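# Reading the structure
Here is what each chain is made of, one letter per residue.
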Amino acid sequence: MDWGALHTILGGVNKHSTSIGKIWLTVLFIFRIMILVVAAERVWGDEQDDFVCNTLQPGCRNVCYDHFFPISHIRLWALQLIFVSTPALLVAMHVAYRRHEKKRQFRKGDQKCEFKDIEEIRKQRFRIEGSLWWTYTSSIFFRIVFEAVFMYAFYFMYDGFRMPRLMKCNAWPCPNTVDCFVSRPTEKTVFTIFMIAVSSICILLNVAELCYLLTKFFLRRSKKAGNSKQQPNHENKEETKQNEMNELISDSCQNTVIGFSS
Amino acid sequence: MSWAFLRDLLSGVNKYSTGIGRIWVAVVFMFRLLVYVAAAENIWKHEHDEFECNIKQPGCENVCFDHFFPVSHIRLWALQLIMVSTPSLLVVFHVAYRENREKHHNQKLYRNPGKIDGGLLYTYLISLILKTGLEIVFLVLFYKLYNGFKIPHLVKCDIKPCPSTVDCYISKPTEKMIFLYFLVATSCLCIVLNLSELSYLIFKYSIKCYLKRHMKKQQ
């Protein structure tokens, strides 16, 4: 059970995400989880062993380390990644529930069901509308909240994002104010800033996705309201079908022209 | 979840690349990723423990190590590998977008969604330019951070709390230098491959364009 398992779980959600959601997932895996596993863990690997205090008093080093690093950066990042990935599970569960319902309908022999076999149901990609829209939107909202909370917790716990070289410690049993030196402070500052920057990018992507979903929702609603005020339904359906055909023809013409000119 | 992820990513990218692009993937995989995982990582593993200063003052070693190695070579190498592989994802996304569009309209809109033509050509060229740019950025970063690609045996350090100028010894400097030169050589090779792929594609499509226009004029 490691980050690979998370990849398996979230990979399934990817199919039902919007394009921005897919970009978010890629950024999460390549620029956060991979960097954490491959680089950051090594940088923080020797943090306690190489935390050196200018005293021979036993226990002083341990107490000072614990005072300045209540929870290590690496552990906070791991928690952040887990919390931020978890709302996607809501979507995965909702999709699984819908699939289960469709399979039940199919098995009952319901004539409304349009699938030919169970395999098609398993492979089907659900559109983000109806109750799934609400689940998806709330998962994005929770993602944003968790990201912001963790970023604030970081800032609050470590008084900013810089790792100082030297810390002065006078916790008991240190005999007086003792100089303690952190290992690799510059490298740690660089990686902290990198991870914070990528978190901010992820927050922006999530906000953009939320705006996109809300815009689509309101547009769809206004279209429905506009359509219901106009002519009877069956005439409208003919028109929209003709419009779609025209769009398709013009699209395919454009593509063949582009294809030939290059 | 580690370098295997990058390996899978690169294999996915391979499908939509030109011949030179596939050579690039092979070079990155065999001469950079594999060398990194199998050899380089172990050389830099205990760099901090084995960095020794001629002094007993607590904290002096930490501070001197941090001064001479703000970001370790091996971390820069890992970041370079990740950043240089990422632009290829643009091509994968574009092909996925094309296939999605075809599915959405339930019609064959492209002769072959994976073929490099039209908008995909521009995406491919942009990814090549980004790859080359990132390679050059990292090489310059290495050069600037470490004053060249040499690793000295001995560095002199006089930062507080070191009481005076202190001799500090780096572990395995020659081996690190050899692998650093290897890294630079493979980066340069990848830059050359990217530039030749760029010129090949531009040349090929300009000739095609010119011939088509010429045929149209004749008609």
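Residues numbered from 1 in each chain as written. Chains lettered and ligands numbered in written order. Predicted model: local features only at pLDDT ≥ 70, side-chain atom pairs only at ≥ 80, totals over all residues. Heavy atoms only, no water.

Here is the rule we go by: UniProt positions are given in the numbering used here, feature names are shortened, and annotations may be inferred rather than shown by experiment.
Chain B is annotated in an unreviewed UniProt entry as Gap junction protein of Falcunculus frontatus. Taken directly from UniProt, the Sequence similarities (unreviewed entry) text for chain B runs: "Belongs to the connexin family." You can read under Function (unreviewed entry) in the UniProt record for chain B the words "One gap junction consists of a cluster of closely packed pairs of transmembrane channels, the connexons, through which materials of low MW diffuse from one cell to a neighboring cell."

The name that an unreviewed UniProt entry assigns to chain A is Gap junction protein, with the source organism given as Falcunculus frontatus. Of the comments in the UniProt record for chain A, the one headed Function (unreviewed entry) reads "One gap junction consists of a cluster of closely packed pairs of transmembrane channels, the connexons, through which materials of low MW diffuse from one cell to a neighboring cell." Heading Sequence similarities (unreviewed entry) of the UniProt record for chain A holds this comment: "Belongs to the connexin family."

## A few points about the overall build of chain B
Keep this limit in mind: Helix and strand assignments come from DSSP, with helices taken as H or I runs of at least 4 residues and strands as E runs of at least 2, each series counted from the N terminus. Here the globule rule reads 2.2 Å times residues to the power 0.38, and the radius of gyration is calculated from C-alpha atoms. Residues are treated as being in contact if the distance between any of their heavy atoms lies within 4.5 Å. Per-residue and other accessible areas were derived by the Shrake-Rupley procedure at a 1.4 Å probe size, with only the shown protein chains allowed to occlude residues. Under this rule, positive means Lys or Arg and negative means Asp or Glu; His and the chain ends count for nothing. Lysine's charge is taken at NZ, arginine's at CZ, aspartate's at CG and glutamate's at CD.
When helices and strands are counted, chain B shows 7 helices and 3 strands. Reading the secondary structure of chain B in the N-to-C direction produces α-α-β-α-α-α-α-β-β-α. Here chain B has a C-alpha radius of gyration of 24 Å; the compact-globule value for 219 residues is 17 Å, and the former is much larger. Its C-alpha atoms put chain B at 85 × 35 × 25 Å along the principal axes. The contacts in chain B between residues at least 6 apart in sequence include a share of 75% that link residues at least 24 apart. In the form shown here, chain B has an accessible surface area of approximately 11300 Å², with 64% of it arising from carbon and sulfur atoms. Distance from the positive charge centre (26 side chains) to the negative charge centre (16 side chains) of chain B: 17 Å.

## Notes on the layout of surface pockets
Selection rule: With a 1 Å grid laid over protein atoms only, a set of points is called a cavity when a 1.4 Å probe fits there but cannot get out and a pocket when it is open yet has protein on both sides within 12 Å along at least five of seven lines; lining residues have an atom within 4 Å of a point. Grid points are joined across faces, edges and corners, and a volume is the space filled by probe spheres set on the points.
Reported here for the largest pocket is a volume of approximately 2000 Å³. Around the largest pocket sit 44 residues that line it, and Lys-15, Lys-22 and Arg-125 of chain A together with Ala-96 and Asn-100 of chain B are the ones nearest its centre. Looking at the lining of the largest pocket, the elements that each hand over two or more residues are helix 1 (3–14), helix 2 (19–43) and helix 8 (185–229) of chain A together with helix 1 (3–14) and helix 5 (88–105) of chain B.

## Considering the UniProt feature "domain: Connexin N-terminal" (unreviewed entry) in chain B
In the numbering used here, UniProt assigns the feature "domain: Connexin N-terminal" (unreviewed entry) to residues 42–75 of chain B. Helix and strand shares over residues 42–75 of chain B are 41% and 6% respectively, and the end C-alpha atoms of the span are 13 Å apart.

## Some points on the pattern of salt bridges
Residue and element names in this part refer to chain A. Let me state the cut-off plainly: By definition here, a salt bridge exists when the distance from a side-chain nitrogen of Lys or Arg to a carboxyl oxygen of Asp or Glu is within 4 Å. We call a residue buried when its accessible area falls under 20% of the maximum for its residue type, exposed when it is over 50%, and partly exposed in between, using a 1.4 Å probe and counting protein chains only.
Across all of its chains, the model carries 15 salt bridges over all chains by this definition. Where Asp-46 meets Arg-184, a salt bridge forms, and the shortest distance between an N and an O atom there is 2.9 Å. Taken together, the residues span a long stretch of sequence, with Asp-46 in the loop between helix 2 and strand 1 (52–53) and Arg-184 in the loop between strand 3 (178–181) and helix 8 at a distance of 138 residues. Each member of the pair, Asp-46 as well as Arg-184, carries the same accessibility label: buried.

## Looking at the interface of chain A and chain B
Our working definition: Throughout, buried area stands for the accessible area (probe radius 1.4 Å) lost by two parts on being put together, summed over both. Counting of polar contacts relies on pairs of N or O atoms within 3.5 Å, with two restrictions inside protein: one atom must be capable of donating a hydrogen and the other of accepting it, and residues adjacent in sequence are counted only when both atoms are side-chain atoms. Residue polarity follows a fixed list, in which Ala, Val, Leu, Ile, Met, Phe, Trp, Tyr, Cys and Pro are nonpolar, Asp, Glu, Lys and Arg are charged, and the others, Gly among them, are polar.
In this assembly, 41 residues from chain A lie in contact with 44 residues from chain B. Of the roughly 3700 Å² buried where chain A meets chain B, counting both sides, 63% is carbon and sulfur surface. Linking chain A to chain B there are 10 residue pairs in polar contact (both at pLDDT 80 or more). Going through the elements one at a time, helix 1, helix 2, strand 1, helix 8 and helix 9 (233–261) of chain A are the ones with two or more residues in the side of chain A that touches chain B. Residue contributions to the side of chain A that touches chain B peak at 12 residues, all from helix 2 of chain A. Of the residues assigned to the side of chain A that touches chain B, the class counts are 22 nonpolar, 11 polar and 8 charged.

## With respect to the UniProt feature "transmembrane region" (unreviewed entry) in chain B
All names here are of chain B. The sites that carry the UniProt feature "transmembrane region" (unreviewed entry) are, in the present numbering, residues 21–39, 77–97, 118–143 and 178–203. Secondary structure over residues 77–97 splits into 90% helix and 0% strand, and the C-alpha atoms at its two ends are 32 Å apart. Helix makes up 96% of residues 118–143 and strand 0%, with an end-to-end C-alpha separation of 39 Å.

## Description of the sheet that holds strand 2 (residues 166–169) of chain A
Residue and element names in this part refer to chain A. Here is the rule we go by: Whether two strands pair comes down to DSSP finding at least two bridges between them. Axis angles are defined between N-to-C directions and span 0 to 180 degrees, where every axis is a line fitted to C-alpha atoms and, for a helix, only to the segment in contact.
Pairing is antiparallel in the open sheet, where 3 strands are placed in the order 1-3-2. Each end of this open sheet is capped by a strand with a single partner; those strands are strand 1 and strand 2. The sheet contact formed by strand 2 and strand 3 spans 4 bridges and is antiparallel. Bridging from a neighbouring strand, Cys-169 pairs with Val-178 of strand 3. The sheet strands contacting helix 3 (residues 60–68) are strand 1, strand 2 and strand 3, and the helix crosses strand 2 at an angle near 110°.

## Side note on helix 2 (residues 19–43) of chain B
For clarity, the threshold we go by: Expected helix span is given by 1.5 Å per residue-to-residue step, counting one fewer step than there are residues. Think of it this way: the bend at a residue is just the angle between two axes, each fitted to seven residues, one set ending at that residue and the other starting at it.
In a regular helix each residue adds 1.5 Å, so 25 residues correspond to 36 Å; helix 2 of chain B covers 34 Å between its end C-alpha atoms and thus fits that length. At Tyr-36 of chain B, helix 2 of chain B is deflected by roughly 55°, the largest bend along its length. Looking at helix 2 of chain B, one finds that the buried residues are Gly-21, Trp-24, Val-25, Val-27, Val-28, Arg-32, Leu-33, Val-35, Tyr-36, Ala-40, Glu-41 and Ile-43 of chain B. Elements that come into contact with the buried residues of helix 2 of chain B comprise helix 2 of chain A together with helix 1, helix 4 (73–85), helix 5, helix 6 (119–145) and helix 7 (173–218) of chain B.

## Side note on the confidence of the model for chain A
Cut-off, in case you're wondering: For every residue, the predictor states its confidence as a pLDDT score lying anywhere from 0 to 100.
The share of residues in chain A with pLDDT of 70 or more is 81%, and the mean pLDDT across the chain is 81. Taken as a whole, residues 242–262 of chain A scores under 50 in pLDDT and shows 19 contacts with residues more than four places along the chain or in a different chain.

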